Amino acid sequence: MKFIADLFLFACLFSLFSCATEPANYGNPVAQTNIHRVELMPNMPQPYSFLDWKKKARQFDEYVFDFNSKLPAGPMIWLDNNRRNLPQQTFGLFTAVNDVRQGAEVNNGEFHESLTSLSALLGAGLIGIDKTNQNGYNFVKMIQNYFNRDNGWNIMMNNTTSEVGHLGGGYGRDWWYDVLPNVLFYNVCDVFPGVENAEFIQRIIAEQFYKADSLLDGNYDYSYFDYGQMKGMVNHIPLQQDAAGGHGYVLYAAYKKFGDPRYLTRAKSAIEALNNQRESRFYEVLLPIGIYTAARLNAEEGMNFDVRKMLDWVFEGTKSRTGRTGWGIIADKWGEYDVSGLQGSITDGGGYAFLMNGILTAMPFVPMVKYEPQFARSVGKWMLNNVNASRFFYPDEIPDENQWLPGMRGYTNAIIAYEGLRLKDDMNNPRLEGVHPVAIGDGPKWHKDNPKESMFSLYSTAPVGVFGAMVEKTNVERILKLDCNITDFYSDRSYPTFLIYNPYEEDKKVAYTPEKDGVDLFDTISKTYLARSVTGTVEIGIPADYSCLVVELPSGVEVEKEDGKLLVNKKIISYE
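Given the structure is predicted, the values throughout are model-derived calculations rather than measurements.

Reading the values: the criteria
- Residues numbered from 1 in each chain as written.
- Predicted model: local features only at pLDDT ≥ 70, side-chain atom pairs only at ≥ 80, totals over all residues.
- Heavy atoms only, no water.
- Phe/Tyr/Trp six-rings, centres within 6.5 Å; stacked < 30°, edge-to-face > 60°.
- Helix = DSSP H or I, 4+ residues; strand = E, 2+ residues; numbered from the N terminus.
- Buried < 20%, exposed > 50% of the residue type's maximum accessible area, 1.4 Å probe, protein only.
- Lys NZ or Arg CZ within 6 Å of the ring centre and 35° of its normal.
- Expected span 1.5 Å × (residues − 1).
- Arc of directions from axis to C-beta.
- Contact = heavy atoms within 4.5 Å.
- Disulfide = S-S within 2.5 Å.
- Core = buried A, V, L, I, M, F, W, Y, C linked by side-chain atoms within 4.5 Å.

S.K.: Before we go on, may I ask you to explain the packing of aromatic side chains in this structure?
M.R.: Working definition: an aromatic ring pair is given by the centre-to-centre distance plus the angle between the planes. Counted by the stated rule, this structure contains 33 aromatic pairs. Plain terms: the ring middles of Tyr26 and Tyr529 are 5.9 Å apart, the flat faces sit at 75 degrees to each other, and that makes the pair edge-to-face. Taken together, the residues span a long stretch of sequence, with Tyr26 in the loop between α1 (7-17) and α2 (36-39) and Tyr529 in strand β17 (residues 528-534) at a distance of 503 residues. Each of the two residues, Tyr26 as well as Tyr529, counts as buried. Between Trp53 and Tyr394, the ring centres sit 6.1 Å apart and the planes meet at 65 degrees, which makes this aromatic pair edge-to-face. In this pair, Trp53 is assigned in helix α3 (residues 53-64) and Tyr394 in the loop between α13 (376-390) and β10 (420-422), connecting sequence segments 341 residues apart. Under the relative-accessibility criterion, Tyr394 is labelled buried at 0%. An aromatic cluster is defined as three or more aromatic residues linked by ring pairs; in this entry it consists of Trp153, Trp175, Phe209, Tyr220, Phe225 and Tyr227. Sitting over the ring of Phe258, Arg203 keeps its end group 4.3 Å from the ring centre. Lying over the aromatic face of Phe498, Lys481 brings its terminal NZ or CZ to 4.5 Å of the ring centre.

S.K.: So what exactly am I meant to see when it comes to helix α7 (residues 198-216) here?
M.R.: Each turn of an α-helix holds 3.6 residues, which means side chains three or four residues apart point in the same direction. Taking 1.5 Å of rise per residue, 19 residues should cover 27 Å, and α7 covers 27 Å from first to last C-alpha, within 8% of that figure. Buried residues of α7: Ala198, Ile201, Gln202, Ile205, Ala206, Gln208, Phe209, Ala212, Asp213 and Leu216, and no others. Along the long axis of α7, the arc covered by the buried residues comes to 165 degrees, so they all point the same way. The inward-facing, buried residues of α7 contact α6 (175-191), β3 (224-226), α8 (243-258) and α9 (261-275). Backbone geometry just downstream of α7 places Asp217 in the positive-phi region, at approximately 50 degrees.

S.K.: Where do I start with the state of the cysteines in this structure?
M.R.: Throughout this description, disulfide means a covalent bond between two cysteine sulfur atoms. Inspection of every chain in the model, using the stated rule, returns zero disulfides. Just so you know, Cys484 is unpaired, no disulfide at all, and the nearest cysteine sulfur is the one on Cys548, 12 Å from it.

S.K.: Help me understand the environment of Thr160, please; the structure alone is not making it clear to me.
M.R.: Here Thr160 is to be found in the loop between α5 (139-142) and α6. In sequence terms Thr160 and Ala531 are 371 residues apart; their C-alpha atoms lie 52 Å from each other. Apart from residues lying up to four places away in sequence, Thr160 is in contact with Asp80, Arg84, Asn85, Glu110, His112, Asn145, Tyr146 and Asn148.

S.K.: Please clarify how α6 should be interpreted in this entry.
M.R.: The end-to-end C-alpha separation of α6 is 25 Å, in line with the 24 Å expected for 17 residues at 1.5 Å each. Within α6, 15 of the 17 residues are buried, which leaves the element mostly enclosed by the surrounding structure.

S.K.: Can you help me understand the nonpolar core in this one?
M.R.: A general tendency of soluble globular proteins is for nonpolar side chains to be buried together. Judged by nonpolar contacts, the single largest core of 172 residues is most densely connected at Leu180, Tyr227, Phe315, Met368, Trp382 and Met383. For this core, the element with the most residues is α6, which contributes eleven residues. Residue contacts for Phe315: discarding those within four places in its chain leaves Ile35, Arg37, Val38, Met41, Gly328, Ile329, Ile346, Phe365 and Trp382. In terms of nonpolar packing, the next biggest core, distinct from the first, is built from 17 residues, Ile479, Val510, Ile542 and Val550 among them.

In structure tokens:
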């Protein structure tokens, strides 16, 4: 195929754009491996527009953490003084706008979800908002009430108590809901280090996951795991073998943080269990998180996990009738809208995508290319589609005729997005007959008294800061600059690293401004310098339908080769 070019021709292409001829040989260019379903996605998604994700993330934080908001929807936050698990005050955020099950005066003020709150803290922290000291509150400390020690599980969970766990959102019965809060908590702790009691909780979580993986011993064929009894459980929910990905991630992060080799042993064991699956068991985000962990273990620990196979499991989706059938990455055009790159059900009503899922899948997949650079082109192309289509969840980014609540964008000033995007309406609205796609949400289905505005989802919008921190536009439309370090948690991030994909059929020159003046720009895909001693902005060349992985290095410090790796100042910048 055209993107797997003759290596000599490929090297020559890059030399045309390099600012200097390089006599040194830093190794062969990295031949790119395609992901089949990404090849079904357009290089030029339509209609295209770049959404200012950082602005959306700042607006989200400003609104949802305002106890006295005067927006028509009203405040989205309240204080919870029940002191569950820890002797301190915590807070709750609505899952969906004005969900009748939630709020300070309903269900004792205790029904709120950690996945919303943790995602909101993580996104805010990534764009530089200090959530440890905001309007007199340390929200990062307050989040610790989700550490469920009262029930004996001793992990972060989606609610603070089982007394509200039955109301929705998954608690003690649905494995991904019990594992993902721990993944997000570890990430929040990396963004906000040194918060009182956080390391203590992280250590206990690691011990719980260590014990769980030891007892599971490679068999993750369960609906959930009782971390109190240390016992796998089966109920009406499909078996969730991809929980091994979440276990592996947390254990590897714990190993990087605490240096305990026991955690490394069990991280490898958990990812081995994931790798040994015979088919996709993909649902939500734990498999992508496990794939990222597999990539790091391959690069940093010499493992040989099959990342390509597992990437296909995500993109092609779950086909097993005993799993979450149909869950995968959408590659399609709905009406006049390219919606490729979004994550959700490929089959439900012809397709049902969710904003949160696409954002949280980017969280592990973009940094993954540092460790498995052969997927740089595919990830870059997927992200172009994902980022563009994700804006359609916002009521100010899709026409009124394509959304369930036309004219209500001012209700939250279009800060809160719809939960989902469907190929077609499934709630019998005559106005939407034959309309594709439809911005919609499940909120009104959760409770008979839920208002129509509960289609607007804080739960889905909360991680918007991941895109806000990761995604930047360049001077060339559709060419994005993706920060590969921003969500590469518990890793060495000595040198800024950016993925840049050129979707055009011709080579393009892109204006590049480094984080600091006086750096050299080295591309770990072509293994060449793109520019030396950069001050201000410089043009770099990106070949047609290809990606660069640009590392900003101290000017004048040469790249060294050692055992197939490339190093600068003893820091690895490229794994072979």
